[in-house]
Amino acid sequence: MSEIILNERAAAVDAIENKQLGKSPARTLMRVAKYYYAEGYKQNEIRPMLEQFMLRCNPDIRLGKWDDVLEYCSKNAGKRPLIEISGVPITYAEMETIAAIDGDVAQRVMFTLLCLAKLGNAISPKNNNWVNREHSEIFSLANPSNMNQKRRCGMLHKMWQDGLIDFSKIVDNINIRVMIVNNDSPVLFEISDFRNLGNQYRMIRGENYMQCECCGLVIKKTVNNQRYCRNCCVGEQKRQQRQWYQDNKM
Amino acid sequence: MPRFWYDVSGWNADDSCFESEEVRELNRRIVADKKPYFMIYIYPDLMKRYKTYVKHTATKAMCCVGSEIDALKNAPEELCSEQQREFMDYCNGRMPVGTNVCLMNSICDVFETEFDGCVSRYCVDSDFDYSFMKSGKPYMQSQYTKIAKEYKEYLARQRDIMTEQSVIDTSTNTMSDRYYTLNEEFMRNCLSVCTNEETLCDILLDVCYKTNKSRQFVWSMCGEQIVENLEKSHNVIKFPMQDIDGSIDFAGMTFTMSEKETTYYVRDYSE
């Protein structure tokens with residue numbers, strides 16, 4: 001499942017400065033290629049710059065294996081502009097519609113679909129509320145408990161019957177169209193982080209969820225004075241120990 | 001090859017090569033726009049397209065029509081609704097391969113039925129009783145949970161190394177060093193959970209042999225202990241020996257089973 005990034009320019013600059021290819025090197029390369037194109041470089045200049053970037057990230061890398069990817073990125077760098085979105089607005093009417101849905105998991109899935117559809121609309125005005133992602137990715141973002149394929153499809157079928165979503169006419173196309181988008185209503189809040197959308201919905205509803213002070217990930221609060229997520233608390237603990245040692249050494 | 005032989009839209013209404021409307025209609029009916037089904041085993045790209053199509057139509061059937069696609073295929077036509085019949089028509093029409101009952105497709109079907117699931121059946125060692133490798137020491141559930149976590153982490157790290165190996169130019173020595181370092185690290189982690197090697201061996205066997213995932217972990221962590229357990233409990237080793245008059249056939253040679261009694265030496269850790 002790929003990470004959803006709202007500000008590709010910042011992500012590209014971050015990758016170049018920190019010399020990181022990240023979990024998905026191909027996507028990072030595409031972002032960096034688009035950044036170079038936006039900065040005014042020509043297509044024939046972008047390919048050698050991408051190679052230099054890869055070698056700076058990892059001197060042992062086999063450039064031959066990445067030939068197709070580099071060629072594709074340099075050729076298509078100018079095809080689409082950089083995505084620079086601050087956030088996706090969710091309106092009052094949309095939240096009311098979601099709150100009226102029967103079932104907590106269904107509400108979270110619908111919220112996730114709404115956020116993804118609005119993100120698609122922000123990236124491309126011709127999107128028309130479609131969500132063109134794999135169902136596994138959508139349900140993973142909605143943070144449900146373990147759901148098998150049959151349960152997922154059953155839930156989507158119920159939503160379709162209720163008129164909340166629609167499917168493509170093409171028989172092997174599993175894209176979903178969200179039918180509850182209502183931009184005329186006043187904006188309630190903006191979603192700027194597309195991780196754990198289900199948990200974010202729960203937090204908005206007032207459940208016991210919190211945002212990590214370090215990375216901003218929304219997680220379930222297990223302790224009253226919890227401030228960090230599991231990944232960040234280890235680093236924070238080490239930092240605090242180091243700080244204490246330095247203070248007491250002095 | 002004329003385009004109208006393989007492309008449905010390849011024929012032109014004004015094309016004068018057709019003698020009459022009947023000939024044009026005939027050509028349209030017999031157009032070979034799809035490869036037959038058995039060719040999925042020749043063209044990997046076609047296999048991928050076919051499998052993706054089957055997966056997506058199955059999902060779409062459950063989402064849109066509300067029933068599984070196998071049930072729709074097997075249901076009598078008179079019992080299906082208009083929507084279900086329409087769905088199946090489109091599903092069969094847009095199939096990327098031709099599923100008509102021709103000779104090669106029928107032969108392909110016979111082979112598929114015969115070999116269906118045979119690899120997974122042989123891979124699952126459900127009858128393999130690994131208890132003879134154990135030391136027989138009891139352990140706590142908390143230790144089992146921690147070791148299971150370490151196993152999961154080990155598999156993830158191993159996958160990262162293998163992915164990196166395909167991308168970065170590394171020599172065999174570098175990779176073996178990396179695996180050695182990885183094994184040492186996890187050995188330390190496992191021993192911090194359970195200091196007794198015999199108990200650790202039992203926990204690792206239960207963690208690894210209850211699933212179908214890689215069992216390399218248990219042999220890397222406590223291979224020596226397993227061999228020691230085998231020597232202690234079984235002093236007779238059976239192995240195949242090459243023999244012209246043997247009853248076991250393998251790789252073009254014949255073997256017979258031989259036995260040898262072993263002596264178990266107790267290690268003296270006091271020295």
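All of these numbers come straight from a predicted model, not from anything done at the bench.

Caption draft 1: Summary view of the pattern of salt bridges. Taken as a whole, this structure holds 25 salt bridges over all chains when the rule is applied. Each of A:Arg47, A:Glu51, A:Asp67 and A:Glu71 takes part in a single network of salt bridges with overlapping partners.

Caption draft 2: Geometry of the sheet that holds strand S5 (residues 253–261) of chain B. Residue and element names in this part refer to chain B. Here we have three strands laid out as an open sheet, ordered S3-S5-S4, and antiparallel in their pairing. Every other strand in the sheet has two partners, leaving strand S3 (236–242) and strand S4 (248–250) as the edge strands with one partner each. Across this sheet, the average inter-strand angle for adjacent strands is 45°, counted without regard to direction. Relative to S5, S3 runs antiparallel, the two being bridged by seven bridges. Residue phenylalanine 239 lies in a different strand from S5, and its bridge partner there is serine 258.

Caption draft 3: The interface of chain B and chain A, seen in detail. Each partner contributes residues to the interface: chain B has 23 residues there, and chain A has 22 residues. Buried surface at the junction of chain B and chain A, summed over both partners, amounts to about 1900 Å²; 61% is from carbon and sulfur atoms. Measuring nitrogen to oxygen at the nearest pair gives 3.4 Å for the salt bridge that ties A:Lys150 to B:Glu68. Counting residues per element, the ones that place at least two in the side of chain B that touches chain A are helix H2 (44–65), helix H4 (82–93) and helix H7 (141–167) of chain B. Top element by residues in the side of chain B that touches chain A is H2(B). It accounts for ten residues. Grouping the constituent residues of the side of chain B that touches chain A by class yields ten nonpolar, eight polar and five charged.

Caption draft 4: Inspection of the packing of helix H5 (residues 92–99) of chain A against helix H6 (residues 104–123) of chain A at higher detail. Residues and elements named next belong to chain A. Between H5 and H6, the shortest axis-to-axis distance is 9 Å and the interhelical angle comes to 150°. The angle between H5 and H6 falls in the class roughly antiparallel. Crossing angle aside, the handedness with which H5 passes H6 is right-handed. Residues Glu94, Met95, Ile98 and Ala99 of H5 touch H6, and the partners they reach there are Gln107, Met110, Phe111, Leu114 and Lys118. Grouping the amino acids of the contact of H5 with H6 by side-chain chemistry returns six nonpolar, one polar and two charged.

Caption draft 5: Inspection of the packing of aromatic side chains at higher detail. Counted by the stated rule, this structure contains twelve aromatic pairs over all chains. Pairing A:Phe111 with A:Phe189 gives two aromatic rings, centres 6.4 Å apart and planes at 40°, and the pair type is tilted. Here A:Phe111 is found in helix H6, whereas its partner A:Phe189 is found in strand S5 (residues 187–191), with 78 residues between them in sequence. Judged by relative accessible area, which is 0%, A:Phe111 ranks as buried. When the ring of B:Phe111 is compared with that of B:Phe115, the centres are 6.3 Å apart and the planes differ by 15°; the resulting orientation is stacked. You can see B:Phe111 and its partner B:Phe115 sitting in helix H5 (residues 103–115), four residues apart, about one turn around the helix. Within the aromatic cluster, the residues linked to one another by ring pairs are B:Tyr151, B:Tyr154, B:Phe186 and B:Phe217. Against the face of B:Tyr43 rests B:Lys35, its NZ or CZ located 5.0 Å from the ring centre.

Caption draft 6: View of the nonpolar core. Counting 61 residues, the largest nonpolar core has A:Ile90, A:Met110, A:Phe111, A:Leu113, A:Leu156, A:Met159 and A:Phe194 as the members making the most contacts within it. Element by element, the count of residues in this core is highest for H6(A), at eleven residues. Residue contacts for A:Leu156: discarding those within four places in its chain leaves A:Leu113, A:His135, A:Phe139, A:Ile165, A:Phe167, A:Ile176 and B:Cys63. With 25 residues, the next largest nonpolar core counts B:Leu182, B:Leu204, B:Tyr209 and B:Met221 among its residues.

Caption draft 7: Local environment of the sheet that holds strand S3 (residues 165–167) of chain A. Residue and element names in this part refer to chain A. Here we have three strands laid out as an open sheet, ordered S2-S4-S3, and antiparallel in their pairing. The outermost strands of the open sheet, each flanked by one partner alone, are strand S2 (130–131) and S3. Direction of pairing for S2 relative to strand S4 (residues 176–178): antiparallel, over a ladder of two bridges. Following the sheet pairing, valine 131 is matched in S4 by isoleucine 176. The sheet contacts of helix H8 (residues 149–161) involve S3 and S4, and relative to S3 the element is tilted by about 105°.

Caption draft 8: Local environment of the environment of B:Ile248. Residue and element names in this part refer to chain B. In this fold, isoleucine 248 is placed in strand S4. Overall, isoleucine 248 belongs to the partly exposed group, its relative accessible area being 33%. Leaving out residues up to four positions away in the same chain, isoleucine 248 has contacts with Met253, Thr254, Phe255 and Met257.

Caption draft 9: Representation of a nonpolar patch on the surface in the model. A cluster of nonpolar side chains, B:Leu103, B:Met104, B:Ile107, B:Phe111 and B:Phe115, forms an exposed patch at the surface whose accessible area comes to about 530 Å². Note that B:Leu103 resides in helix H5.

Conventions adopted
- Residues numbered from 1 in each chain as written.
- Chains lettered and ligands numbered in written order.
- Predicted model: local features only at pLDDT ≥ 70, side-chain atom pairs only at ≥ 80, totals over all residues.
- Heavy atoms only, no water.
- Salt bridge = Lys/Arg side-chain N within 4 Å of Asp/Glu carboxyl O.
- Pairing = 2+ DSSP bridges.
- Helix = DSSP H or I, 4+ residues; strand = E, 2+ residues; numbered from the N terminus.
- Axes fitted to C-alpha atoms, helices over the stretch in contact; angles between N-to-C directions.
- Contact = heavy atoms within 4.5 Å.
- Buried area = accessible area lost by both parts, 1.4 Å probe.
- Nonpolar A, V, L, I, M, F, W, Y, C, P; charged D, E, K, R; others polar.
- Parallel < 35°, antiparallel > 145°, perpendicular 65-115°, else oblique.
- Left-handed = near helix turned anticlockwise from the far one by under 90°.
- Phe/Tyr/Trp six-rings, centres within 6.5 Å; stacked < 30°, edge-to-face > 60°.
- Buried < 20%, exposed > 50% of the residue type's maximum accessible area, 1.4 Å probe, protein only.
- Lys NZ or Arg CZ within 6 Å of the ring centre and 35° of its normal.
- Core = buried A, V, L, I, M, F, W, Y, C linked by side-chain atoms within 4.5 Å.
- Patch = residues over 30% accessible without salt bridge, like charges linked within 9 Å, V, L, I, M, F, W, Y side chains within 5 Å.
- Areas by Shrake-Rupley, 256 points an atom, 1.4 Å probe, with all protein chains shown as cover.

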